[in-house]
Amino acid sequence: MKNFLLTLLVFVVALNVVTAQVVSDSQEQAQTPVDTSYWQSEFSAGLNFNQAGFSGNWKSGGVNSVAFGSIIAGKALYQKDKISWDNELELLFGIVRNEGEGTRKSNDRIFLDSKLGYQLSKKWSSYFSVNYLSQFAEGYKYNEDGTQSLISKFMAPGYLTSSLGFEFKPSKEFFLRIGPFSPRFTFVSDNQIINNVPSNYGVLPGETVRIEWLAMQVFASLDKDLSENLNLKSRYTMFANYETLSMKNIDHRLDLTLTAKISNIINVTLTGISLYDIDQDPGIQYSQGLALGILYKVGNKK
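Right, let's walk through the structure included here. For clarity, every value in this text was computed on a predicted model and none was experimentally measured.

Turning our attention to the pattern of salt bridges. In the structure shown here, the tally under the stated rule is 18 salt bridges. Its salt-bridge partner being Glu90, residue Arg235 comes within 3.1 Å of it at the nearest N-O pair. Of the two residues, Arg235 sits in strand β13 (residues 230-241) while Glu90 sits in strand β3 (residues 83-98), which places them 145 residues apart along the sequence. Judged by relative accessible area, Arg235 falls into the buried class, the value being 9%. Judged by its relative accessible area of 13%, Glu90 falls in the buried class. Across the salt bridge formed by Asp108 and Lys105, the nearest N and O atoms sit 2.9 Å from each other. Overall, Asp108 belongs to the buried group, its relative accessible area being 14%. Looking at Lys105, the relative accessible area reads 27%, which means it is partly exposed. Taken together, the salt bridges that share partners define one network made up of Glu88, Glu90, Arg109, Arg235, Arg253 and Asp255.

In this section: unusual backbone geometry. In this structure, the amide linkage connecting Ala156 to the following residue, Pro157, adopts the cis form with an omega of 0 degrees. Looking at the secondary structure, you find Pro157 in the loop between β7 (148-152) and β8 (158-171). At Met155, a residue that is not glycine, the phi angle is positive and equals roughly 60 degrees. Here Met155 lies in the loop between β7 and β8. Judged by relative accessible area, Met155 falls into the buried class, the value being 17%. The phi dihedral of Tyr201 is positive, around 55 degrees, even though this residue is not glycine. We classify Tyr201 as buried; its relative accessible area is 9%.

Parameters at a glance
Residues numbered from 1 in each chain as written. Predicted model: local features only at pLDDT ≥ 70, side-chain atom pairs only at ≥ 80, totals over all residues. Heavy atoms only, no water. Salt bridge = Lys/Arg side-chain N within 4 Å of Asp/Glu carboxyl O. Helix = DSSP H or I, 4+ residues; strand = E, 2+ residues; numbered from the N terminus. Buried < 20%, exposed > 50% of the residue type's maximum accessible area, 1.4 Å probe, protein only.

Following this line, the structure appears as structure tokens:
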């Protein structure tokens, strides 16, 4: 845990310094300003807060509640000649406290993605990528009898996927990666979770990791300004294990974020996630959130 947090801290700091001047090996180059135009960086941090309160004799019903959410996101994109190196970080965490129910999570995500590419033509590149997905805190199923059952935590599950393939990028707003060779590591660090999640996220009983060597990943991303004050971000991932290939065993995940800018730092954000993974649940999972808060954003993105 400590090693991961240290790595995460280094990654966040790196996003803020990618536009700094590169120190040359020769004294002559050190005296000449270095062209950093090959880098494009972007960093944003946001907070949102919701509160509701009612008097004891409020007849319309309601429950006192407080909710808090946060997001840290960043990109560092390098492009020189035919070589590209794209890095993305997204951290989300939110809590809600309803009177009589205690504090619960409302949002929790860790997403890291790094891709090294070599341009083959105007719109196509070969690539190698690594992405990671997990969460920060423990997640519970809240039972009708008032008890709670642990169903997830940090690195339970955690997904580390590497991918080798080809990328189609017709514009700076959209890309599609097709990786016919995409091994995935699924981690479940707590052996007790199987008591509450019999599928154990696909990891065999008594083990903490599952490796799917022969697999395919399709990864698509869209980041588009619909208008001057409205932005849409979407990310779709498909994962298929060749050894268990069938329609019901193919994983799908779609993330959508719609951000409306009210002022320089005040935004309204609508988020949604749709997920199908038979190793988690035979049905389609989904979540939705709407928040008003502040979002501070800096970068040199053109």
